[in-house]
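A look at the structure
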Amino acid sequence: MAVNVGAMTADIQELILENYYGATGLGYALGRIPIASCDFSTHMYSYNDLYGDYQMTNFSVDVDVASGKIGMIQKALSLRQEALQAGLFSAPLGPIDDAALGPVGVLTNNHSMVLFASSWSPPAWLKTTQSRVKGSLNGTAGDAVHKAYALYLSKFLDAYAAHGIEVAYLSMQNEPSMSVRWDSCFFSPVTERDFIKTDLGPLMRQNHPDVGLIMLDDQRLEMDIWLDIVLSDADAAQYVNVTGMHWYSSANDVLDEFQYLRYAHDKYPNMLLLATEACAGEEVIDRGVVFGSWYRGITYFKDISGDFNNWAIGWTDWPGVVDLQGGPNHAGNWVDSAIVANTTAGTEFYKNPMFYALGHFSLFAPANSSRLEVTVQYGPDQPNTLKLEITAFLRPDGLVSVMIGNTDEIHPRAISIAHPTQGYINLVVPNASMQTLVFKL
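What counts as what
- Residues numbered from 1 in each chain as written.
- Predicted model: local features only at pLDDT ≥ 70, side-chain atom pairs only at ≥ 80, totals over all residues.
- Heavy atoms only, no water.
- Core = buried A, V, L, I, M, F, W, Y, C linked by side-chain atoms within 4.5 Å.
- Buried < 20%, exposed > 50% of the residue type's maximum accessible area, 1.4 Å probe, protein only.
- Helix = DSSP H or I, 4+ residues; strand = E, 2+ residues; numbered from the N terminus.
- Contact = heavy atoms within 4.5 Å.
- Phe/Tyr/Trp six-rings, centres within 6.5 Å; stacked < 30°, edge-to-face > 60°.
- 1 Å grid on protein atoms, 1.4 Å probe; cavity = no way out; pocket = protein on both sides within 12 Å on 5 of 7 lines; lining within 4 Å.
- Points joined across faces, edges and corners; volume = space filled by probe spheres on them.
- Nonpolar A, V, L, I, M, F, W, Y, C, P; charged D, E, K, R; others polar.
- Pairing = 2+ DSSP bridges.
- Axes fitted to C-alpha atoms, helices over the stretch in contact; angles between N-to-C directions.

1. Here's the deal with the nonpolar core
Considering soluble globular proteins, one finds that nonpolar side chains tend to be buried as a cluster. Formed by 109 residues in total, the largest nonpolar core has its most connected members in Tyr47 and Phe156. Per-element tally for this core: the top contributor is helix α5 (residues 144–162), with 11 residues. Those residues in contact with Phe156, other than ones at most four positions away along the chain, are Ile33, Ile35, Tyr47, Phe59, Ala117 and Val167.

2. Examining the packing of aromatic side chains
By the definition in use, this model includes 25 aromatic pairs. Here the aromatic rings of Tyr51 and Trp125 are separated by 6.0 Å at their centres, their planes lie at 55°, and the arrangement is tilted. With Tyr51 in the loop between β1 (30–35) and α3 (62–66) and Trp125 in the loop between β2 (114–119) and α5, this pair connects stretches of sequence that are 74 residues apart. Considering the side-chain rings of Tyr300 and Trp315, the 5.1 Å spacing of their centres and the 65° angle between planes classify their relative orientation as edge-to-face.

3. Quick notes on the layout of surface pockets
Counted as a void, the second largest pocket has a volume near 720 Å³. The element best represented in the lining of the second largest pocket is strand β14 (residues 413–419), accounting for seven residues. Grouping the constituent residues of the lining of the second largest pocket by class yields 19 nonpolar, seven polar and three charged.

4. What about the sheet that holds strand β13 (residues 400–406)?
Read across the open sheet, the four strands follow the order β11-β12-β13-β16; overall the sheet is antiparallel. Single-partner strands in this sheet number two, and they are β11 (370–372) and β16 (433–439). Geometrically, the sheet is characterised by an average inter-axis angle of 25° between neighbouring strands, direction not taken into account. Across seven bridges, strand β12 (residues 388–394) lies against β13 in antiparallel orientation. When the bridges of β13 are listed, Leu394 appears paired with Val400. Lying on the sheet, helix α11 (residues 353–364) is in contact with β12, β13 and β16; it crosses β16 at an angle near 20°.

5. Digging into the environment of Val428
Within the element layout of this structure, Val428 appears in strand β15 (residues 423–429). Overall, Val428 belongs to the exposed group, its relative accessible area being 53%. C-alpha separation for the pair Val428 and Arg413, spaced 15 residues apart in sequence, amounts to 5.5 Å. Apart from residues lying up to four places away in sequence, Val428 is in contact with Pro412, Arg413, Ala414 and Gln435.

Purely spatial values, then, with no claim about function.
What follows is the structure, given as structure tokens:
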């Protein structure tokens, strides 16, 4: 995202960030930071490539300063804070108060936006492949390699804090079940559990007691197995606050995987569930940027609604801004995005329908909103095979927002929204549409 934003003229850079974080934008309250390189980097890099430096004396995030990544995050935080101080949206912790720190276990921090960071790979010299591509950590939990990697992650938090960027949650590994042709590192549920309880968890509690840990950060269909293995061990469970999940295994929600969120909530009700990554255009047969794809927009709406209706507390778009090809991506893993920048011209960008799907939730259910239960009943002439996606929230300002998506590309739906004491609203939901109603009870 920083590479693409940085390729634009100064006024367009400001406008792109304003569209996401500013007073006239979508009011984003959540952000994801890659730790070192990911596939959406121009090249692979770590913050310490000095072989054998187990004390991380050579650690540096200067590469993120040079690329503009840190500067872009600082600007996004500034825009968000200005909007909050103007009385817009809702701060994750209510009024901004630098002296207030939310307890670990609540998705909040003491600044204007909640940031979490995900690692794609340890430094190559710590891995079995001696590369950021594929492989796993050398050795076993508790050894010098694992302790060095834990220290590496802790140093990242220190370094970003020195630039005024406070990270609230740390994910030790993006998609740990994957060993792929770009930055990756394999962990099983057992090896992740052991690394957390032996190395990362104790060090985080010592150095960063107010930073929570995210486990999994992978496909929803893996949640039950990973949760049962990691959380059945009390020594590991004490350090974990959030389970992160991705949507890709559902094939853009062709498969219903929301059952795994219900399983997680019912069995582990104190575990926070966060959608940590989703993007469109990642499938081989439908790859890259497609301008104006309403199908992709309505699919976003369906997934966000489904996650929230099944106990998720946030949803993360990825990767924010792509170029016309769907990158940059050093592995050629092109995707689509809510905002697409013409980095050749540097003076124009495009907002895809996914942008507006995201806006229905980020604008009309700001931070600190509480989801309301909605009971849906279908008449005899409207079978539930033509399902509507409906989610409702009680907002901090006392208003109620009801998001309604009709995923049927042909048939409009006549509906009535009824409250037991306050009356009803009748309306027609057009085919392939998304809309939000805001009202006061």
